[in-house]
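The chain contents come next:
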Amino acid sequence: MKFAERVRRVAPSAIRDLLRHGADPEIISFGGGYPDPALFPMAELRGIYAELLAGDPVVLQYCPSDGLPALRAQVATRLRRDGIDRTADDVLIIQGAQQGLDLAAKLVLDPGDAVVTENPTFLGALIAFNPFEPVYAPVRTDADGMDTDDLERVLAATPRARLLYTVPDFQNPTGVTMSLPRRRRLIELADEYDLLVVEDTPYRALRYDGAHLPTLKSLDAGGRVVHLGSFSKILAPGMRLGWAVADGEVLEKLALLKLAADTQSSTLNMAATSSYLDRYDIDAHIATMCRSYRDKRDLLLTTLRETFPETVEYTTPDGGLFTWLTFPASFDTTAFMRDVALPDARVAYVPGATFFPTTPEHNHARLNFSGLTEERITQGVIRLSKYLPR
Ligand code: PMP
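None of the values given here were measured: they were computed from a predicted structure.

Some words on the domain arrangement of the protein chain
For the protein chain, the domain assignment lists domain 1 (5-41 + 284-385) and domain 2 (43-279). Once you take the C-alpha centre of each, domain 1 and domain 2 turn out to be 24 Å apart. The interface is formed by 31 residues belonging to domain 1 together with 37 residues belonging to domain 2. Summing both partners gives a buried area of about 3,000 Å² for domain 1 against domain 2, and 62% of it is carried by carbon and sulfur. Seen at the junction of domain 1 and domain 2, the total is one salt bridge. The partner of Arg297 in a salt bridge is Asp209, with the nearest N and O atoms 2.7 Å apart.

In structure tokens:
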């Protein structure tokens, strides 16, 4: 079969194969990015789905492609509380933030256009963008997020930059958060270079420490930010629901692309989510999740501090699900996982190389702390530390 040119860029990664071994229950895996399923509100959702399916069959009917009006209004209310002054009309319900990445790329990228990203960046975004055949322009990223001085340099050198992708809050994979001065500067530069900014915020509500920072969307006077959010980490990822907020023509075109892609998100899941938001206090549920994940983060960081060599650095995330390790430059985390961590320590993580859009750095690892029990977090770090060179 002759495939389209764009499919050249659709390929499984070697690291995915390596991570398959992490599914063995004997192996303690820090590799996932999953929320803790023990925290899914099962009883509440069981009741809601039963009731919906005993009632009006409209919940199994097609519905408007932009999403159920009630849910759009509920999302808009939550956004207003977060400083994004919008109404239901500004909200497009999508199948998770992941769909927003696909739609935004489809909206602005021609083959050879450049996507500007944090370095490293979310692998799922690269996978979503790749079929549109972009080149990548990675920007230096540190404890305060994307470095806007480096962004300025990159933009001056990248005439075909069209889309800027960022995860400002508790980034995947590094866990870092973009500072307020950098948020403001990013918006200025995006205006100057006429970029579409994709602000991806699936972890935003999972803050454990520190001050709440404004979204890029709330700073976006020029209407060039597509703000993506998700119910995956605050309710349940299997329901596949998220939202996109954008302005004018950008929102209109995104809605048409959504219609073309999948007609609409699941009516039943939208109705269930809307009903959940109506009846239950999702902020109390989020607070419960935050307490659990904060404890796990603290345990992971404390155990790393107590057992790992001092030459290994790690980020201290104020929220989200990940910390990012940096080993000495000569240490290759992919080879170590294959040769030592999996067969001997029986521990998995995600080798960092996979998150770099252009030039991989081999001495990093992403560790997830939400999907493991506290006992396995401690055991996993201790086991791994025993095999590290000193
Ligand atoms: N963006 C980031 C940064 C993510 O980490 C994820 C999932 N882990 C997504 C988007 C996609 O999430 P979903 O489609 O489930 O909302």
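Quick word on the sheet that holds strand β9 (residues 242-245)
Read across the open sheet, the eight strands follow the order β2-β9-β8-β7-β6-β3-β4-β5; overall the sheet is mixed. The open sheet has two free edges, formed respectively by β2 (91-94) and β5 (145-146), since each of these has just one partner strand. Judged from the six bridges that link them, strand β3 (residues 114-119) and strand β4 (residues 135-142) form a sheet pairing that is parallel. Across the sheet, Asn119 pairs through a bridge with Arg140, a residue of β4.

Focus: the sheet that holds strand β13 (residues 350-351)
With respect to topology, four strands assemble into an open sheet ordered β10-β11-β14-β13, the strand pairing being antiparallel. Looking at strand neighbours, the two that pair on one side only are β10 (313-314) and β13, the edges of this open sheet. With two bridges connecting them, β10 and strand β11 (residues 322-326) associate as antiparallel partners. Paired with Glu313 across the bridge in β11 is Thr326.

Some words on the pairing of β11
By the criterion of burial, β11 is predominantly enclosed, with four of the five residues buried. Direction of pairing for β11 relative to strand β14 (residues 364-368): antiparallel, over a ladder of five bridges. Paired with Leu325 across the two strands is Ala365, which belongs to β14.

A short note on the environment of Gly380
By secondary structure assignment, the location of Gly380 is in helix α12 (residues 374-387). In this structure Gly380 comes out as buried when scored by relative accessible area, which is 0%. With near-sequence residues (within four places) excluded, Gly380 lies in contact with Ile28, Phe30 and Val347.

Focus: the side chain of Arg72
Along the chain, Arg72 falls in helix α3 (residues 69-81). Its relative accessible area of 13% is what places Arg72 among the buried residues. At 3.5 Å, the side chain of Arg72 forms a polar contact with the backbone oxygen of Asp89. If we skip the residues at most four places from it in the chain, Arg72 touches Asp66, Gly67, Ala88, Asp89, Val91 and Ile93.

So, how was this worked out
Residues numbered from 1 in each chain as written. Predicted model: local features only at pLDDT ≥ 70, side-chain atom pairs only at ≥ 80, totals over all residues. Heavy atoms only, no water. Domains from an automatic or database assignment. Contact = heavy atoms within 4.5 Å. Buried area = accessible area lost by both parts, 1.4 Å probe. Salt bridge = Lys/Arg side-chain N within 4 Å of Asp/Glu carboxyl O. Pairing = 2+ DSSP bridges. Helix = DSSP H or I, 4+ residues; strand = E, 2+ residues; numbered from the N terminus. Buried < 20%, exposed > 50% of the residue type's maximum accessible area, 1.4 Å probe, protein only. Polar contact = N/O pair within 3.5 Å; in protein donor to acceptor, adjacent residues only side chain to side chain.

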